[in-house]
Structure formats: C-alpha cells, structure tokens
Amino acid sequence: MPLVCLTDFEAHAREQLSKSTWDFIEGGADDCLTRDDNIAAFKKIRLRPRYLKDVSKVDMRTTIQGEEISTPICIAPTGFHCLAWPDGEMSTARAAQAAGICYITSTYASCSLEDIVATAPGGLRWFQLYVHPNRQLNKQLIQKVESLGFKALVITVDVPKVGNRRHNITNQVNLMKNLLLKDLGSPEKGNLMPYLQMSPIDSSICWDDLSWFQSMTRLPIILKGILTKEDAELAVKHNVHGIIVSNHGGRQLDEVPASIDALTEVVAAVKGKIEVYLDGGIRTGNDVLKALALGAKCVFLGRPILWGLAYKGEHGVEEVLNILKNEFHTSMTLTGCRSVAEISRDLIQFSRL
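The structure presented is a predicted model; accordingly, all values stated were derived computationally and were not measured.

Another point: the pairing of strand S8 (residues 221–226). S8 sits mainly inside the fold: 6 of its 6 residues count as buried. Where strand S7 (residues 153–156) meets S8, 4 bridges bridge the pair, whose relative direction is parallel. Among the inter-strand pairings, Thr 156 is bridged to a residue of S8, identified as Lys 224. At this point the chain moves from S8, through helix H11 (residues 229–237), to the parallel strand S9 (residues 242–245), and the crossover so formed is right-handed.

See below:
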C-alpha cells in the first residue's frame, strides 16, 4: 500500500525503527505538551480561499538569503541520521539537492561534512552550530564549513542546557558514546566534528558574543530558537540575517508556545528587516501555506525527514518532500495564489474551536 501523506511515513517509521531510536526521534521534553501543540496549533487556523483567479500556472519558487529554492519547504537540522538509514546525512543531502531546496546540516551529523558535500556538491546547504566553550574550535569549524561551500551559519540559541527528555533517560540513550564517533581523535588532527559532539555546549553565550562570530565569517548568521518579540528585536539590533522561529520540536523547554503561535509576534517585531523562517509541526501543504501567510519566508522539516529516511533512504526523503510539495501546490491553487508572493494574512482566520 503506497504512503500518501506524512503521517503514513510516521506510522511506517514507528514499525521499522527500534524502540530506543523511535523514542529518541519522537521524544519531547517533560510531558511533551509543546511537541504536540506544534501540530495541534495549525488546526486552529482556517483558510479563506479566493476563487475565479487564473491558477493555471502556480509558481512555488522563492528565495532565502538571496538563493533560489524550488519551494519554501526545506530541511531542518537534526542529528544522527544514521539511526534511520545507513548512509545517514549523505542520503538527506542528495534528496535535498534533487528537490532544489536548502538542507541545514547539524553539528551532530553522523557523516563527515566532506562526505556530505561530496555526495551532493550542487546542493544549497547551511550549517547549524552548537557553540563550543572553546572559541578556537568554533573558529576552526566555521572556517571549515565556509571553505566547504556552506552558505549560512545557523546558531542554535535554545540549548544552554539539554531539555529534560524522559524517553532518553528511560532508555539510557548515550548517543555521544555509542552511536558513531568513528575515528575519534584530537581536534588538532582535524577530527573536529566527533570532538565537538563529545563536548558540552557553551551555556555562557550571550548577545554580545555575536559580534565575535560576525568578525570571523562572511556567511549570513541565522539564529534558531527565537520565540519572543524581545529576542527578535535584539536579533535585528545585533545585525543577524535571519531567525528560525522554533521550540526545538518541543524537545527543550516544555510549555512554551507552538512555533506557529510565536511566529506572528516575531514577524511583527522584525518589521521586514530580516527574513523569518519556521520549524515545528509542519505536516501538510496547508500548514506550509498557513506559515507563509503569517510571515514565514519558508518552513523547515525535522522529524518527517527522518521518517522518510527510515522508509527508503534518499528516495524516502524525496517522497516526503514531493508529497508535501504537491500538497502545497494544491493549497496554493485552491486559495487562489499564483505565486508565493500572493500568500498573505488575508488567507487565514483563527478558529474559535
């Protein structure tokens, strides 16, 4: 039986993967209220379609940080793709390249950055950084990703400490020691990624530190994990190039707003000065349309990409992306949007249910 929607891939992955792997991918913080609310919050938004418009041609293309993508549906940074498929991030990178979208590679990738780039040399890729306490190691890694052709640096800001993920504690998951870390050596020998993956995240980083990152790279800097207007205003003040509205898939602090609920506040705060993106809870083409109507430039997918990997590796990810892309095309057509630029706040209303 063919898989026809993203929840089909979720059900298949749940059957296919080991319990500990499934729990690691699906688990949220504490009671998982925010994880579940990420999805439920989209269902409180209704669409206001416009008809008798010529929608014989619908163009889903857009740009992020000046680079064209085929559709505003990209791949969020998630770690350890080898858990879902042997080729891990290399399969993900090839699927993203084939789809003509951006793939944000995680600090916790289970493949080397060189292998990821070599397998999909033409793909648009950003790099997600967990800041290490050792500034020199951060500098080496940033210079490395810049030399490898990554087009933006995405700094995750919502993990000064790892959230309380009960499933990982129950399963005694210790990914750092057990999963990969092949060829673990000293950073002086060039084995930066495994060393960083074994190390703590810098909990002292603050707004004033951003100038240090800006001084060493020409890459645009994107902050991932912003949820409030106060932090959005500070991001603009500190000259970052973009924000990903995100609650880390509900894996960090539970009982924070769903990403889609925080989006409006952040978009209003930046006043069009920088691009705003969203991750968390995207499961249908309608969800993509709703996020764009509320001001997101594009959305990023997390867990559904891992479900696709678990299904058929690279081809499974391609299927997930194609299904969502086709659904989004339908959503645009049936609401009268001929281009992404025509998606506006007028297309939605908030349900009283």
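Back to the text.
When the charged atoms of two side chains with opposite charge come close together, those side chains can pair. Tallied over the full model, the rule gives 13 salt bridges. Between Asp 23 and Lys 19 there is a salt bridge, with the nearest N and O atoms lying 2.7 Å from each other. With Asp 23 and Lys 19 both in helix H2 (residues 19–26), this residue pair falls 4 residues apart, about one helical turn. Notably, a salt bridge pairs Glu 114 with Lys 144, separated by 3.1 Å at the nearest N-O pair. Of the two residues, Glu 114 sits in helix H5 (residues 113–119) while Lys 144 sits in helix H6 (residues 135–147), which places them 30 residues apart along the sequence. You can call Lys 144 buried: its relative accessible area is 17%. Here the salt bridges do not stand alone but share partners, grouping Asp 87, Arg 94 and Glu 314 into one network.

Burial of the side chains of strand S5 (residues 102–105) extends over both faces: Cys 102 and Ile 104 are buried on one face and Tyr 103 and Thr 105 on the other. Across 4 bridges, S5 lies against strand S6 (residues 124–129) in parallel orientation. Paired with Cys 102 across the strands is Leu 124, a residue of S6. For the crossover that starts at S5, traverses H5 and ends in the parallel S6, the hand is right-handed.

Of the volumes computed, that of the second largest pocket is approximately 360 Å³. Lining the second largest pocket are 21 residues, with Val 157, Asp 158, Ile 205, Trp 207 and Ile 226 sitting closest to its centre. Mapped by element, the contributors of at least two residues to the lining of the second largest pocket are S7 and S8. Examining the composition of the lining of the second largest pocket, we find that 3 residues originate from one element, S8, more than from any other. Here the residues of the lining of the second largest pocket sort into 14 nonpolar, 4 polar and 3 charged.

Moving on to helix H13 (residues 285–293). The buried fraction of H13 is high, at 8 of 9 residues. All of the buried residues along H13 are Gly 285, Asp 287, Val 288, Leu 289, Lys 290, Ala 291, Leu 292 and Ala 293.

With that settled, consider the confidence of the model for the chain. Put simply, the chain has an average pLDDT of 92, and 90% of its residues get 70 or more. Here residues 180–186 is a poorly scored stretch, pLDDT under 50, and it has 18 contacts once near neighbours within four places are set aside; other chains count.

Taken N-terminus to C-terminus, the directions of H13 and helix H14 (residues 303–334) make an angle of 60°; their axes are 7 Å apart at the nearest point. Between H13 and H14, the angle is such that the two are oblique. In this structure, H13 meets H14 at a crossing whose hand is right-handed. Here Gly 285, Asn 286, Val 288, Leu 289 and Leu 292 of H13 come into contact with H14, specifically with Leu 324, Glu 327, Phe 328, Ser 331 and Met 332. A per-class count over the contact of H13 with H14 returns 6 nonpolar, 3 polar and 1 charged.

This paragraph deals with the nonpolar core. Core analysis: the biggest nonpolar cluster contains 109 residues, and Trp 126 and Ile 260 have the highest contact counts within it. In terms of residue count, H14 provides more of this core than any other element does, 12 residues in total. Sequence-distant contacts of Ile 260, defined by excluding residues within four places in its chain, comprise Ala 41, Phe 42, Ile 45, Leu 278, Lys 290, Ala 291 and Leu 294.

What counts and how
Residues numbered from 1 in each chain as written. Predicted model: local features only at pLDDT ≥ 70, side-chain atom pairs only at ≥ 80, totals over all residues. Heavy atoms only, no water. Buried < 20%, exposed > 50% of the residue type's maximum accessible area, 1.4 Å probe, protein only. Helix = DSSP H or I, 4+ residues; strand = E, 2+ residues; numbered from the N terminus. Pairing = 2+ DSSP bridges. Right-handed = clockwise from strand over helix to strand, strands pointing away. Salt bridge = Lys/Arg side-chain N within 4 Å of Asp/Glu carboxyl O. 1 Å grid on protein atoms, 1.4 Å probe; cavity = no way out; pocket = protein on both sides within 12 Å on 5 of 7 lines; lining within 4 Å. Points joined across faces, edges and corners; volume = space filled by probe spheres on them. Nonpolar A, V, L, I, M, F, W, Y, C, P; charged D, E, K, R; others polar. pLDDT = per-residue confidence, 0-100. Contact = heavy atoms within 4.5 Å. Axes fitted to C-alpha atoms, helices over the stretch in contact; angles between N-to-C directions. Parallel < 35°, antiparallel > 145°, perpendicular 65-115°, else oblique. Left-handed = near helix turned anticlockwise from the far one by under 90°. Core = buried A, V, L, I, M, F, W, Y, C linked by side-chain atoms within 4.5 Å.

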